[in-house]
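# Breakdown of the fold
Residue strings, one per chain:
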Amino acid sequence: MAQPVLVGMIGGPFGVKGWAHVNSYTEPPANLLSYTPWLLKRRNRWEVVDVQAQEHGNGLIARIEGSHDRDVAAEWSGTPIGVDASVLPAPTEGEYYWRDLVGLQVVNESGVDLGKVVRLFSTPAHDVMVVAHGSGERLIPFVREVVIAVEAAGGRVVVDWDQDWV
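The structure reproduced in this document is the subject of the present report. Computed from a predicted model, the values in this text were never measured in an experiment. Every chain is numbered on its own, with residues counted from 1 as its sequence reads. Under the rules for a predicted model, residues below a pLDDT of 70 receive no local features and side-chain atom pairs below 80 are neither given nor counted, while totals for whole chains, interfaces and linings still include all residues. With hydrogens and water excluded, all non-hydrogen atoms of the structure serve as input to the side-chain values.

Helix numbers and strand numbers start at the N terminus; a helix is a DSSP run of H or I with at least 4 residues, a strand a run of E with at least 2. Of regular secondary structure, the protein chain possesses 2 helices and 13 strands. Projecting the C-alpha coordinates of the protein chain onto the three principal axes gives extents of approximately 60 × 30 × 30 Å. Counting every position in the protein chain, which comprises 166 residues, the buried fraction comes to 34%. The contact criterion used throughout is that any non-hydrogen atoms of two residues lie within 4.5 Å. Of the contacts formed within the protein chain by residues at least 6 apart in sequence, a portion of 48% connects residues at least 24 apart. Using a 1.4 Å probe on the protein chains alone, a residue whose accessible area is under 20% of its type maximum counts as buried, one over 50% counts as exposed, and one in between counts as partly exposed.

Our focus in this paragraph is the pattern of salt bridges. Just to be clear on terms, a salt bridge is a Lys or Arg side-chain nitrogen sitting within 4 Å of an Asp or Glu carboxyl oxygen. Tallied over the entire structure, the rule returns 3 salt bridges. The closest approach of N and O atoms between Arg 99 and Asp 100, which form a salt bridge, is 3.3 Å. Here Arg 156 ties to Glu 151 by a salt bridge, and the two come within 2.5 Å at their closest N and O atoms. Arg 156 sits in the partly exposed class, given a relative accessible area of 33%.

Turning next to the side chain of Arg 138. Tracing the sequence through the fold places Arg 138 in strand β11 (residues 136-142). Judged by relative accessible area, which is 9%, Arg 138 ranks as buried. Side-chain polar atoms of Arg 138 contact the side chain of His 133, separated by 3.4 Å. We call two N or O atoms a polar contact when they sit within 3.5 Å, provided that within protein one can donate a hydrogen and the other can accept it, with sequence-adjacent residues counted only if both atoms are side-chain atoms.

For the rest of this paragraph, the subject is unusual backbone geometry. Of the consecutive residues Glu 27 and Pro 28, the connecting peptide bond is found in the cis state with omega at -5 degrees. Along the chain, the position of Pro 28 falls in the loop between β2 (19-24) and β3 (39-42). Of note, the amide linkage connecting Thr 36 to Pro 37 takes the cis form, showing an omega dihedral of -5 degrees. With respect to the element layout, Pro 37 can be found in the loop between β2 and β3. Despite not being glycine, Arg 43 shows a phi value in the positive range, around 50 degrees. Owing to a relative accessible area of 67%, Arg 43 belongs among the exposed residues under this scheme. Look at Asn 44: it is not a glycine, yet its phi comes out positive at around 60 degrees. With respect to the secondary-structure elements, Asn 44 resides in the loop between β3 and β4 (45-48).

Moving on to the pairing of strand β10 (residues 127-133). Pairing geometry for strand β9 (residues 113-122) and β10, over 6 bridges, is antiparallel. Bridging from a neighbouring strand, Leu 120 pairs with Met 129 of β10. One requirement defines pairing of two strands: DSSP has to find at least two bridges between them. Hairpin connection from β9 to β10: 4 residues lie between these consecutive antiparallel strands. Sheet topology note: the β10/β11 ladder contains 7 bridges and is antiparallel. The residue bridging His 133 from the neighbouring strand is Gly 136, located in β11. In this structure, the hairpin formed by β10 and β11 is closed by a connection of 2 residues, where Gly 134 is found at a positive phi of approximately 55 degrees.

In this analysis, rings of Phe, Tyr and Trp, with Trp reduced to its six-membered ring, are considered paired at centre separations within 6.5 Å, and the interplanar angle assigns stacked below 30 degrees, edge-to-face beyond 60, and tilted for intermediate values. Counted by the stated rule, this structure contains 1 aromatic pair. On the numbers, 6.3 Å between centres and 90 degrees between planes, the contact of Tyr 96 with Phe 142 is edge-to-face. Of this pair, Tyr 96 sits in the loop between β7 (80-83) and α2 (98-101) while Phe 142 sits in strand β11, and the two are 46 residues apart along the sequence. Since its relative accessible area comes to 34%, Tyr 96 is described here as partly exposed. Charge over a ring is defined by NZ of Lys or CZ of Arg lying within 6 Å of the ring centre and within 35 degrees of the ring normal. Taking the ring centre of Trp 76 as reference, the NZ or CZ of Arg 42 above it sits at 4.1 Å.

Here is the structure:
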């Protein structure tokens, strides 16, 4: 099996009947409910697990097969949720999965090599690329004002970014 795409994490118990909160990494969060089957990582192995999941208030909750009380639900807390990449919709024009950006070379408009994308993270304002260069890292906003082009086939991201900015 190919490495699953990380789409969420099981949170703490919800109620007394084996349900748990779910932290979704999808946008919007409820999209996670349409990606099946869920793979849960236990003991360094991804396993297909039967899950009942639903929206509840502003979040998501799930009950994993065999989880019938709060104590069992608590044992799943912190468990990563993955799905096979084939169940995810293709990104539309100008959209990218973070996993597709990791490993791309980042260059500025002058062709100066700024490093490689090692990960991305989200802030309330915008997404940020973490670009490794030499022994350090640069944080570059992943916004239209900065990212000029994503050339996935060419293996690079072109940015309007001065090499001296850190």
